[in-house]
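Observations on the model geometry
The lines below spell out each chain.
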Amino acid sequence: MWEDQGCSYRTVLGVASPIHLGQQPPDSIIFSLGHTTIMLSALPSMRSTFKPLLLSALEKSEAPPFTDGYTLGVTYAAILHIINSIFQSHNLAESNSDDELMSTVSEMTNASWHGLLAALSLLLDAAQDETARELVLKSHQDFASLCGSLGIDVARDAFITALCKASLPPHYDLFITGVKHVEDDKHLVMLSAKNIQCMRSLLSMAHCHGKILGTGWNMVLRTLQHLTWILGLVPTDNGQLVPSPSADGANVVKTAALSADLPIICSMLSRLFQSSQYLSEKALMHLIQALCQLSAETEASTSREKSLFSVGKILETCLVNLSRLHLLWELVSAHLLTVCHEKYTPRRTWGALALTKLLRAAIEADHSLPLSQNPKLTTSLLGPLVQMCEIRSEDVRLKQLECLHEILNSRGHTLPLAAWPPVLYILGSVVTAEHPSSETVVRQGFLSQHLLVNDFLPLISPASIAQCVEVTGGFGLQRAELNISLTAVGLLWHISDFLYQNHDKISERNTENEECGEIRKQEIVSGPIVALRQSFLSDISFDTLWISLFQRVGDLCIDVRPPVRKSAGQTLFSTLSAHGDLLKPQTWNIVLWKVLFPLLEEVKCLSSTAPDESLERAETNTPILVHHSRNTACKQWAETQVGTISGVARVFQTWRKILFTLDNFFGAWELLLRHIESGALHPTSEVSTAALASFHELLKDNGTHEGTPELWDVAWHTWHTIGHRITHTYLSYPVEGGEELPSQNFLTSLMRIFTLIYPRVASRFTREDMMNFSKVVRGVAAVPIGPDLPFVLSAQDCNLTPLQSSILVALECVDQCPDTEMSLAAHVIMEYLVLGTLSYLPPPVLGTPALDLLGKKLAHQTRMSKSEESVYIALGEQCISSAVEIYRSRKTEDSIIRTHIMENIVKMLRGPLGLKYSCPSQSTWLLCHSTLLSVIEEGVDTACDRASEFEGMWIELGKCLEEFLFGDQPPVNLTYEERMAHEQLDVRMIRLIQEQILPRASHTPPTFISHVMTLLNRGSVHATSPQPLTTAINTLPLREQFAKSCFETLLQFSFYKASSSSGDVSKLALGTLLKRCQEVLQNYVKDEKLSGRCPLPRSRMAEIAFVMRAISSLIGSLQARRDHMTHIDVEVWDHVVGLYPYLIDCVTCNSNEVRDTLKEALHRFRDLLVPPKLATLETDGSDKPETEIARPEEVVPDFDNYTDSGIMNQEEGRSKLPEAGKNKKKFAITETDVKTLDSEVAENKQNSVSNPEG
């Protein structure tokens, strides 16, 4: 190294003799070799005439003095002149084209290069002076150039090798291709002035004579690589070398002079490779091959640090030779791809940088034939970029994708059609499932994909559009970045809009591409892009693009991430709904069977297997807030299933007219309904409700083709299956923990769907179908409302819930549909009656399979809230009214009569009427009361006309009358007005018997008439049941009007003989009346004796007083007809006479009021002691007994003077007894009255016969 003390320099080979610079003559030069140092006094000049001193001294006697370096100087000058002479001769022969001279020069060069190389190498090693070295180096360059020009490669390489060795420190092994690692600070790497001078000479020779270096470039480049490492030079992005600020200088000794020369050296290095643009193609190939070989040697070296020199200079050389890149591209790209596979990161990164930068420069360069018209060149350039997809290193992939993005930004509009398949293949490799890419790589790749879809779709072929769809779908499926997936779904929607708007243009482009298709295929396949899909090299139809799009979106619909599934589902079904008119029938067929139905099945399977565990953390392992409705995978998949079922149903409904033309539409319809059925039976209410909503959407009439009957039959069976499974599941088995009841919204939708199906299947609706429908309706109505009650009440519809309203609408639809051939009115009425029981009975307990509640009470009724109870009561009452209304309009139809509808109505009404005050709602039994009266009035004629088919009805009616008239007593909190109003209802029921039933007794079963007479008997003498002893305030009043009506009816029909069978009615009436009177008298006498001084209850006193008056009235009626006694049953007289002993027993009673009524009854018995007169009537000369008697209305007892309480105290009885005797002549007939009556009968015999009512 250079010393500051004025001494020369020392090397690691040895130390020269110390020669101080001050002792050196100004024009002298020094040669030093080993321990020998020779100084030349003057430098020989090649252009001046040399004067030989020794030859000129031969003439002298004494030798002239000369220095020790004279001989060396002569030798030095001779060698330089020899080289110069040969070099000049070569120039002369080349300029004159003298082959003979050129041959001579070649022979001279071959003969002398060995000696000259040895001499020059020795002089170069010994020369200690810069000027001397400069001359030696100049001769070295000239002779090496001469050898190269003459084609003497061995000599050329030998001279270059010698020069390269001189450029490096002495201890360097030139054949070490890697960077030598200095492990010990004792071995210093330093450059002397001679090394730097030689290096300049080497650069100068390569710069000036690069065209003849040939394989010599290998040694030159290897030397330059070592020098760049020693100097700490690193390549920039353009391949130029600059000093590295972070270079390791611990083992490299640098002086100030060396640092000052670094910019010059860097500039020379750059000019060397920039001048390669002036090299011939052959010389340029030698240079590139040498650089690639050097790079390969560097890669194979075992050095820890590998040089970037060769890669940087390949880039720099190719950048200045872009016009001839077609010659170098295959070699350079192949080598740079090899570098990209290296494990050493800096070289791998630099290889990717060099390749991508070179590719960008090549595409952006101006070509004689534009790239848009040169697909072969374009695909050749993009080939290495495609092959970089095989490299999985992230840094290489990033460089690749950055390059692609810049190309698309700057030159995307100029790329030919053949360039887009490689571009899309590169982008598709980013999201290849076999090799998942990092988030950074995915982001970088998606930038290009987003740019391509938004800006370049009009420029690419249909085949590339299909490839673009697949790549975009791949970005949607990648899991590195959620936002990219969501954006990719939006890009698919953008592609669908593009296809819709450019339908004609895409079809035309397909036609245009057919001509050049085969050529384009050959260009692409024969190039480096061998991994491209063959399917994208052929033309693709417009419908194929749609299918590809729908398939990719369908794949996204089953992504594991809920936001992606939701977005993809919305995109798929919105696209089909918006652009379905462009699809051909065969395309629709593929969409149905290859996209939609597989999607439904896949979503169904994934939803059923999804875990129901809470999601506490997202995929990013960061805590997030999740709504409770979506906090499990099961709930999230349920949402996806909802969207899928709804979307498919909407597509079917929107394009039904087109789909109906498909050959297998029936199969598609059936399969869709099966999926809807499965969804409706899903345990999650969200899915089941959505499935029914889809079912409803599918059946709505949108003005399209209604379809064949088979389609609607399938719909009906689907509806029935859903309803049956729901009611069977939730009503036949107890609800387990965690299992949900079907919601009111679900059941409401189910019933509303029926109203859409039934009009289309009414003509084929059988009784079996009606029975199945009935089971579903009963089950649906019996499902408890539960917590849904506050949300389903509808105040404007009599407190009916939407579900109950829909049930009534469905039943009305069945009854009123005009298309049915078979009347189902009877079944509808029966269904109304079953639901009518809900007015007084709660729904069956879950787990109770029995639904037929007619005439039955549950042993353990469920407890429910008042509001929920009112809802069921409102439904039951509405059903009762509807059933009666239908019966009125169709009571004469055979189906109504044969199915015993009237009997079932009475049977159903019997329940609320029997409960009466125990009904949950008082309005229920009041409604049933008016309903029963209406039904009997409407149907009694039919019942009499077809008596054999109504026997059961009369039995039920008798039970109903008994339970209503003699059921529970009214509560004590009823007001007097309410009691009177309720008593009038009982009276109305008696009038019904009096006016509608007994006059038709001949057409009714005898057992029923007997039962009715028993009821009238009980009502006439037993207006109220016995009550315990209470105060006067709490004593319940008797039903006076009711008792009066019963007694009037008994008396009216005691002597009624309007028909042949009326005698039985009269006999029954009198018999029951007298029997009841006897029982009351007996019981009273017995209880009177047992009570002692304690009075009997007021009700018993009223009862006995009433019986006394009844006996008086009855005897009065019989006495009035004593002359016609032969026409009165003897048993009646026996019963009347038999009452006398019991009346006598009552004489000892303590009640004055009873004794007063007893006196009146005994006075009546006085009249019976008068013997009867037989009256005869002469007609046609003969006397015939009278066959008719007066109507009983003439002898109706007078109850007008009865008090409201039905009993008088003793004082009032005594004070009013004479007056009562005067006012009650009809009850106590005197002897005068008997005589008057006898005379009237004798005078009006004829009138009595002709006018029985007189």
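Up top is the structure.
A brief structural summary. (Residues numbered from 1 in each chain as written. Predicted model: local features only at pLDDT ≥ 70, side-chain atom pairs only at ≥ 80, totals over all residues. Heavy atoms only, no water.)

On to the nonpolar core, then. In terms of nonpolar packing, the biggest core is built from 324 residues, with F695, W719 and F773 touching the most fellow members. The element that contributes the greatest number of residues to this core is helix 33 (residues 866-890), accounting for ten residues. In contact with F695, other than residues within four places in its own chain, are L673, I676, A715, T718, W719, I722, I753 and I757. (Core = buried A, V, L, I, M, F, W, Y, C linked by side-chain atoms within 4.5 Å. Buried < 20%, exposed > 50% of the residue type's maximum accessible area, 1.4 Å probe, protein only. Helix = DSSP H or I, 4+ residues; strand = E, 2+ residues; numbered from the N terminus. Contact = heavy atoms within 4.5 Å.)

Locating V603 in the fold gives a position in helix 22 (residues 585-609). Residues V603 and V642, spaced 39 residues apart in sequence, show a C-alpha to C-alpha distance of 9.8 Å. The residues contacting V603, other than those within four sequence positions of it, are C557, I558, T640, Q641 and T644.

Right, let's talk about a nonpolar patch on the surface for a bit. A contiguous nonpolar patch, built from Y1140, I1144 and V1147 and spanning about 240 Å² of accessible area, is present on the exposed surface. Structurally, V1147 is set in the loop between helix 44 (1140-1145) and helix 45 (1152-1168). (Patch = residues over 30% accessible without salt bridge, like charges linked within 9 Å, V, L, I, M, F, W, Y side chains within 5 Å. Areas by Shrake-Rupley, 256 points an atom, 1.4 Å probe, with all protein chains shown as cover. Salt bridge = Lys/Arg side-chain N within 4 Å of Asp/Glu carboxyl O.)

Under the defined criterion, the tally for this structure stands at 26 aromatic pairs. Seen in terms of ring centroids, W716 and F754 are 6.1 Å apart; in terms of plane orientation they differ by 65°. Their pairing is edge-to-face. Separated by 38 residues along the polypeptide, W716 in helix 27 (residues 709-732) and F754 in helix 28 (residues 744-761) bring together distant segments of the chain. In this structure W716 comes out as buried when scored by relative accessible area, which is 3%. (Phe/Tyr/Trp six-rings, centres within 6.5 Å; stacked < 30°, edge-to-face > 60°.)

Mapped onto the elements, T317 comes out in helix 10 (residues 309-319). Of the residues examined, T317 reaches a relative accessible area of 0% and is grouped as buried. A polar contact is formed between the side chain of T317 and the backbone oxygen of K313, at a distance of 2.6 Å. Non-local contacts of T317, meaning those with residues more than four positions away in its chain, are made with F273, S276, L284, L287, I288 and L291. (Polar contact = N/O pair within 3.5 Å; in protein donor to acceptor, adjacent residues only side chain to side chain.)

Looking now at the state of the cysteines. Per the counting criterion, the structure on display carries zero disulfides. Unpaired in terms of disulfides, C919 finds its nearest cysteine sulfur in C928, a separation of 6.9 Å. For C919, a relative accessible area of 6% corresponds to the buried category. (Disulfide = S-S within 2.5 Å.)

Function cannot be read off these values alone, since they describe shape.
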